[in-house]
Amino acid sequence: MRLGMTVDSVGKIPVKHIVRTFASGKTEKMVFSCLEEMGLPSGKGDSIEKEAFTFEKFYKLYHTICPRTDIDELFSSITKGEHITLAQLVTFMNEKQRDPSLNEILYPLYDEKRCMEILTAHEPLKENVENKRLSKDGLLAYLMSDENAPVFLDRLDIYQDMDQPLSHYYINSSHNTYLSGRQFGGKSTAEMYRQTLLAGCRCVELDCWDGKGEDEEPIITHGKAMCTDILFKEAIIAIRDCAFVTSEYPVILSFENHCCKKQQYKLAKYCDDYFGDLLSKEPLPDSPLLPGIPLPSPNQLKRKILIKNKRLKPEVEKQELELFLKGQLDLVDDDDAKEDASQANPQPKDPKPEEKASEGGAPEPPKYSGTSLTNIHPWLSSMVNYAWPVHFNGFDAAEEKNVHHNMSSFSETMGLGYLKTQAIEFVNYNKRQMSRIYPKGARVDSSNYMPQVFWNAGCQMVSLNFQTPDLPMQLNQGKFEYNGNCGYLLKPDFMRRTDKTFDPFAESPVDGVIAAQVAVSVIAGQFLSDKKVGTYVEVDMYGLPTDTIRKEFRTRMIPGNGLNPQYNEEPFLFRKVVLPDLAVLRFGVFDENGKMLGQRILPLDGLQAGYRHISLRTEGNFPMSLPMLFCNIELKIYVPDGLGDLMDALSDPRAFLSAQEKREEQMKAMGIEASDIDTKALKGAGGKPGGAKAGVPGGKPGAPGVGAGAKKEDELIEFEPINLETLRSQKNFLKATKKQQKELESMRKRHMKERLSIQKGQCSAIEKLAKGKKDVMDDPKIKALVTEQMQQWSEMMEKHRKEEWEMLKEHLKSQEDILKKLMEEEQAGQIKKMEGKHEQDMKDMKAQQAKLAMETAKDVNQDKTLKTKADRDRRLKEKNQNNTKRFIEERKISAMKQGKQKEKLKKVHEQQMTELTRDIQMAIQFYENTEAEYKMWNKMEFFC
């Protein structure tokens, strides 16, 4: 099909295009020779009539140039003859192409009748069909057909129960949807709303700010991050046009509302005007907004758009709405609630305004930058129902209130903190209410966090930057491809039922769920690259932390063949998959330079066993026409080996970690760094922030299997991350910036004074010259004066701008020096503290070892089985030798651990300093870019 579309000016297929298709693995000479043997034009400059180049001829050419030796080997393993008999096909389908753990009633075993249907559909020779036998070509045709897809095809349609409450589903969600690039200084476009909705997204974000034009049209932009803006109206139209093209299930609009009441009225009006009946403005009769009442289902909200925005207290909303409908509402905002999206702030903020609303609707003192709970237009407030954002006061408080339509947002760092300290409580919360996770503010490059760890906790709206086709986004798109790409996936049973308890860090099989074993053999690739390069394949698994295995399984490199490399790898074994329902396989194909050639995400739920061709996707998850992998997937029920679990427990040092430390280690295995986990500001966490590091019950110093210093060594020292936010709050920095602010304000006042002076003089000159004249507009003297005044005004404005930019850059450079000095002091303090702890640990270890030596001598002296002094001396010498060997080993291990900790801290410090410099330089670069852009402007300006 592709070759048939790449024709020349007269509608023929150039031979060079066919040659290029196979050039990544074979010589041009061979392709020309094959074309000649088939009686087709074979000259370098020749072309072929489209009608002459049939699929059968392409297929024959393909098999001649790329013989499927992998299929030959498989065929030989099934039969020693020239054909596969019907009985052999039945055996092959049941033993190789079927998951043995499947229910035999829902998924019956293959019988002769079913296999005959396969044979009839795919065997090309009628004679073979009549004799009930399958040829090699017939086997290949079956293996490459949709009937042999790597996943059950029904999973790609809507197959799940869509009548459960909204909180029981994962919802495909986007963060800062309007941005097409970076979070700082990026471009906003309404097209992103179209693209994300068409890709299956069901929750999009709109950061709404006051427009500054004469029409005061509200805009969407990333406030205080120097991003371009779009009209709110444009976004609403784009959402209306594409909301229900890919899916009919509800769309949630997550408003980050910074607008004044006057412009909030426009937000509400545009939603009402453009969405019409699509907008869910009132709760359904069967699902009132009352405590204890579950959320409605996706089916109940089909083709409905929900608004997520803060609400007024019910009695306030009712009163103000009545005044508004009578035209008597005074649209006046509090002064401290007014915001300007254009104010420079090089450090984008983490907290979303909805985090700061109150759980029960009661206002709290404003501690944030955003519209307060009283500065909400009552009409917009009345449009909020099932996505009602509230301030999170802890899982206990939420459970006590039991309000299902209340939801909260968490930054990824805060979410990870709750996962580390209160994972089971987080899961239970998500059974009842919705939660939204969004990327931390430091991701200015629009990178994404790993969504899997939050899916494991049942978080519904795990919001990602759709504009970045990285691994997390690929996982998201691969997961939501199931269930008809409708944007809603039903969570597993135990993550919905209130009578079940689920720990997302569980390492043993979950109650009622059968653990699986998965083996993947990567046999060969087809059309992986159009270049003659080396290729290799990585196979990873993502799921529960215990199921996640990354960067461990990789094929060998096949050099100089991007066309049909043969890997023939031994199976990559995922020995124990505790929770297959949440696990996904990830195939990544790379060239010799590490460039990704294609990828595919396949959820284990619905994965088919056997020999399968896996068609690949681009980084952005778009299907590729030819590239595919041929793999053998074996699925089994996990059965522990005899003493396997006991050996795992004995060999796993994590068994001696506390629950929180263990979770941190598990998250680290998924690629999450400890610095990304925020446990300091959590609500309702038992004990001190960060959690206590309890030892293992019964573990004693000197006990068998536990070294004398093990307890101390397990207590890792933790430091607060040193970042711009913490440094900027220090007195020295605040004092310096206060002085800088005064300088800036002083300069701006001087500029304003100069502008007013020139403005006054220019107005007087015009009035004087125009006095007594009737036709002022055409007077040449007045025209000349206006031109001269424009020149004067433009030169003055240019001078003012340059002076302000220069001062701002100087201030930033000065701030950089201060911040670096403060950071160096903080880092030196951390190093000193760590060295002090290491010194104390070593002293404690030596004291513990000395104590153990004394106890050993005492035990030997009191041992009644040792009759003579010589016996006691021999036993004491033996024990002391063993103890000395162990003590030396413990001190060596301790010194190595301490060295690694110190080295790790130094690397963290280097990274912190690099990030500080980068952030400051980014801000300076912004002003330099602005100055460069200004030089390209038309310099003529005037005041009006």
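Above this text you will find the structure in question.
The numbering scheme is per chain: residues are counted from 1 as the chain's sequence reads. Where totals are concerned, whole chains, interfaces and linings use all residues; where local detail is concerned, this predicted model gives features only for residues with pLDDT of at least 70, and gives and counts side-chain atom pairs only at 80 or more. In computing side-chain properties, one takes all heavy atoms of the structure into account and sets aside hydrogens as well as water.

Participant: I keep staring at the overall build of the protein chain and nothing clicks. Help me out?
Facilitator: Per the convention used, a helix needs a DSSP run of H or I reaching at least four residues, while a strand needs a run of E reaching at least two, with both numbered from the N terminus. Along the backbone of the protein chain there are 25 helices and 23 strands. Note on definitions: a residue-residue contact is assigned when non-hydrogen atoms from the two residues lie within 4.5 Å. Long-range pairs, those at least 24 residues apart, make up 76% of the contacts in the protein chain between residues at least 6 apart in sequence. Areas reported here follow the Shrake-Rupley algorithm with a probe of radius 1.4 Å; residue values treat only the protein chains shown as occluding. Summed over all atoms, the accessible surface of the protein chain reaches about 46000 Å², with 52% contributed by carbon and sulfur.

Participant: Can you walk me through the environment of Lys-302 in this structure?
Facilitator: Along the chain, Lys-302 turns up in the loop between helix 12 (261-275) and strand 10 (305-308). In this structure the C-alpha to C-alpha distance between Lys-302 and Val-251, which are 51 residues apart in sequence, comes to 9.0 Å. Look past the residues within four positions of Lys-302 in its chain and what remains in contact with it is Glu-248 and Tyr-249.

Participant: Can you help me understand the pattern of salt bridges in this one?
Facilitator: Here the idea is simple: oppositely charged side chains can pair when their charged atoms come close. By definition, a salt bridge exists where a carboxyl oxygen of Asp or Glu is found within 4 Å of a side-chain nitrogen of Lys or Arg. Going through the model one piece at a time under the given rule, you end up with 33 salt bridges. With its nearest N and O atoms 3.4 Å apart, the salt bridge here joins Lys-262 to Glu-216. Of this pair, Lys-262 sits in helix 12 while Glu-216 is found in the loop between strand 6 (203-209) and strand 7 (219-220), placing the two residues 46 residues apart along the sequence. A relative accessible area of 48% places Lys-262 in the partly exposed class. The salt bridge involving Arg-497 is made with Asp-493; its shortest N-O contact spans 3.3 Å. Each member of the salt-bridge network shares a partner with another, and the members are Asp-154, Arg-155 and Asp-605. Each residue is placed in one exposure class: buried if its accessible area under a 1.4 Å probe, protein chains only, is under 20% of its type's maximum, exposed if it is over 50%, and partly exposed if it falls in between.

Participant: Would you mind showing me how to read the layout of surface pockets here?
Facilitator: A cavity, in this analysis, means grid points on a 1 Å lattice covering only the protein atoms where a 1.4 Å probe fits yet has no way out; a pocket is instead an open set bounded by protein on both sides within 12 Å along at least five of seven lines, and a residue lines either one if it has an atom within 4 Å of a point. Grid points are joined across faces, edges and corners, and a volume is the space filled by probe spheres set on the points. There is about 1100 Å³ of room inside the second largest pocket. Together, 41 residues line the second largest pocket, and Arg-155, Pro-580, Asp-581, Asp-605 and Gly-606 are the ones closest to its centre. Contributions of two or more residues to the lining of the second largest pocket are made by strand 15 (488-490), strand 16 (516-526) and strand 23 (623-637). It is strand 23 that provides the largest number of residues to the lining of the second largest pocket, a total of three residues. Its residues assigned to classes, the lining of the second largest pocket comprises 25 nonpolar, five polar and 11 charged. Under the scheme applied, nonpolar residues are Ala, Val, Leu, Ile, Met, Phe, Trp, Tyr, Cys and Pro; charged residues are Asp, Glu, Lys and Arg; polar residues are all the others, including Gly.

Participant: Sorry, what's going on with a nonpolar patch on the surface here?
Facilitator: Like charges are joined within 9 Å and nonpolar side chains (Val, Leu, Ile, Met, Phe, Trp, Tyr) within 5 Å, but only among residues with over 30% relative accessible area and no salt bridge; these make up the patches. A cluster of nonpolar side chains, Ile-514, Ile-637 and Val-639, forms an exposed patch at the surface whose accessible area comes to about 300 Å². Mapped onto the elements, Ile-514 comes out in the loop between strand 15 and strand 16. Owing to a relative accessible area of 59%, Ile-514 belongs among the exposed residues under this scheme.

Participant: Can you help me understand the nonpolar core in this one?
Facilitator: Nonpolar side chains tend to gather and get buried jointly when the protein is soluble and globular. Side-chain atoms within 4.5 Å link the members of a nonpolar core, which is a set of buried Ala, Val, Leu, Ile, Met, Phe, Trp, Tyr and Cys residues. Ranked by internal contacts, the top residues of the largest apolar core, which has 115 residues, are Tyr-193, Leu-206, Phe-232, Ile-239, Leu-253, Ile-305 and Leu-585. In this structure, Leu-89, Val-90, Cys-115 and Leu-140 belong to the second largest nonpolar core, which totals 25 residues.

Participant: Explanation requested: helix 5 (residues 69-78) in the structure shown.
Facilitator: Residues spaced three or four apart along an α-helix face the same direction, because each turn holds 3.6 residues. For helix 5, every residue scored as buried is listed here: Asp-70, Ile-71, Leu-74, Phe-75 and Ile-78. Down the axis of helix 5, the sector holding all buried residues measures 135°, keeping them to one side. Working definition: the arc comes from the directions between the helix axis and the C-beta atoms, pointing outward to the latter.

Participant: Explanation requested: the sheet that holds strand 9 (residues 251-257) in the structure shown.
Facilitator: Two strands qualify as a pair provided DSSP detects at least 2 bridges between them. The mixed open sheet is built from five strands, whose spatial order is 8-7-6-9-10. The sheet terminates laterally at strand 8 (230-231) and strand 10, the two strands that pair on one side only. Relative to strand 7, strand 6 runs antiparallel, the two sharing two bridges. Counted as the bridge partner of Cys-208 is Ile-220 from strand 7. Lines fitted to the C-alpha atoms define the axes, with helices restricted to the stretch that makes contact. Angles between their N-to-C directions range from 0 to 180 degrees. Helix 12 contacts strand 6, strand 9 and strand 10 of the sheet and is inclined by roughly 165° relative to strand 9.

Participant: I would appreciate a short explanation of empty space enclosed by the protein in the present structure.
Facilitator: Vacant regions in the atomic arrangement are exposed by a probe of water-molecule size rolled over the atoms. Counted according to the given criterion, the structure contains five cavities of 30 Å³ or more. Looking at the second largest cavity, its volume works out to about 40 Å³. Taken together, Val-151, Leu-156, Gly-478, Glu-481, Tyr-482, Arg-600, Ile-601, Leu-602 and Pro-603 make up the full set of residues lining the second largest cavity. No other element matches strand 21 (residues 596-603), which puts four residues into the lining of the second largest cavity. Residues belonging to the lining of the second largest cavity are distributed by class as follows: six nonpolar, one polar and two charged.

Participant: For this particular structure, what's the right way to read the packing of aromatic side chains?
Facilitator: Two aromatic rings, taken as a pair, are described by how far apart their centres are and by the angle between their planes. Centres within 6.5 Å make a pair out of two Phe, Tyr or Trp rings, where for Trp the six-membered ring is used; the pair is then stacked when the planes are under 30 degrees apart, edge-to-face when over 60, and tilted otherwise. Per the counting criterion, the structure on display carries 32 aromatic pairs. With a centroid separation of 6.2 Å and an interplanar angle of 80°, the aromatic rings of Tyr-169 and Tyr-488 are classed as edge-to-face. You can see Tyr-169 sitting in strand 5 (residues 169-171) and its partner Tyr-488 sitting in strand 15, a full 319 residues away along the chain. Here Tyr-169 and Tyr-488 have matching classes, each one buried. Within the aromatic cluster, the residues linked to one another by ring pairs are Phe-22, Phe-53, Phe-55, Phe-58, Tyr-59, Tyr-62 and Phe-527. Placement of a charge over a ring requires the Lys NZ or Arg CZ to be within 6 Å of the ring centre, with the centre-to-atom vector within 35 degrees of the ring normal. Across from the ring centre of Trp-388, 4.6 Å away, lies the NZ or CZ of Arg-311, which sits over that ring. Taking the ring centre of Trp-455 as reference, the NZ or CZ of Lys-479 above it sits at 4.9 Å.

Participant: Would you mind going over the sheet that holds strand 12 (residues 406-411) with me for this structure?
Facilitator: Strands in a sheet are paired, the pairing made by backbone hydrogen bonds, and the direction either parallel or antiparallel. The parallel open sheet is built from four strands, whose spatial order is 11-12-13-14. Every other strand in the sheet has two partners, leaving strand 11 (388-389) and strand 14 (461-462) as the edge strands with one partner each. Packing of helix 16 (residues 412-432) onto the sheet brings it into contact with strand 12 and strand 13 (435-438), and relative to strand 12 it is tilted by some 150°.

Participant: Explain the side chain of Glu-217 here, please?
Facilitator: By secondary structure assignment, the location of Glu-217 is in the loop between strand 6 and strand 7. Each polar contact in these results corresponds to two N or O atoms within 3.5 Å; when the atoms are within protein, one needs to be able to donate a hydrogen and the other to accept it, and residues that are neighboring in sequence are counted only if both atoms are side-chain atoms. Among the polar contacts listed, one links the side chain of Glu-217 to the side chain of Tyr-270, at a separation of 2.7 Å. Those residues in contact with Glu-217, other than ones at most four positions away along the chain, are Gly-211, Leu-231, Lys-233, Gln-263, Lys-266 and Tyr-270.

Participant: What should I look at first to understand unusual backbone geometry in this one?
Facilitator: Trans peptide bonds make up the majority, and among non-glycine residues the majority have a negative phi. A positive phi angle is found at Lys-132, which is not glycine, with a value near 55°. Along the chain, the position of Lys-132 falls in the loop between helix 8 (126-130) and strand 4 (133-134). The phi angle at Asn-483 is positive, at roughly 60°, despite the residue not being glycine. One can find Asn-483 in the loop between helix 18 (471-480) and strand 15. Taking relative accessible area as the criterion, Asn-483 reaches 0% and is therefore assigned buried.

Participant: Is there a simple way to think about the environment of Asp-273 in this case?
Facilitator: Structurally, the position occupied by Asp-273 is in helix 12. For Asp-273, a relative accessible area of 43% gives the class partly exposed.

Participant: Where do I start with the packing of helix 10 (residues 191-198) against helix 11 (residues 232-242) in this structure?
Facilitator: Contact geometry of helix 10 with helix 11 gives a least axis separation of 8 Å together with a crossing angle of 25°. As summarised for this structure, helix 10 and helix 11 are arranged roughly parallel, according to the angle between their axes. Judged by the sense of rotation from one axis to the other, the crossing of helix 10 with helix 11 is right-handed. Contacts from Tyr-193, Arg-194, Leu-197 and Leu-198 of helix 10 reach helix 11 at Ala-235, Ala-238, Ile-239, Asp-241 and Cys-242. Any angle from 65 to 115 degrees is called roughly perpendicular, while one under 35 is roughly parallel, one over 145 is roughly antiparallel, and all others are oblique. Left-handed is the label given to a crossing in which the near helix is rotated counterclockwise from the far helix by less than a right angle, and right-handed is the label when the rotation is clockwise.

Purely spatial values, then, with no claim about function.
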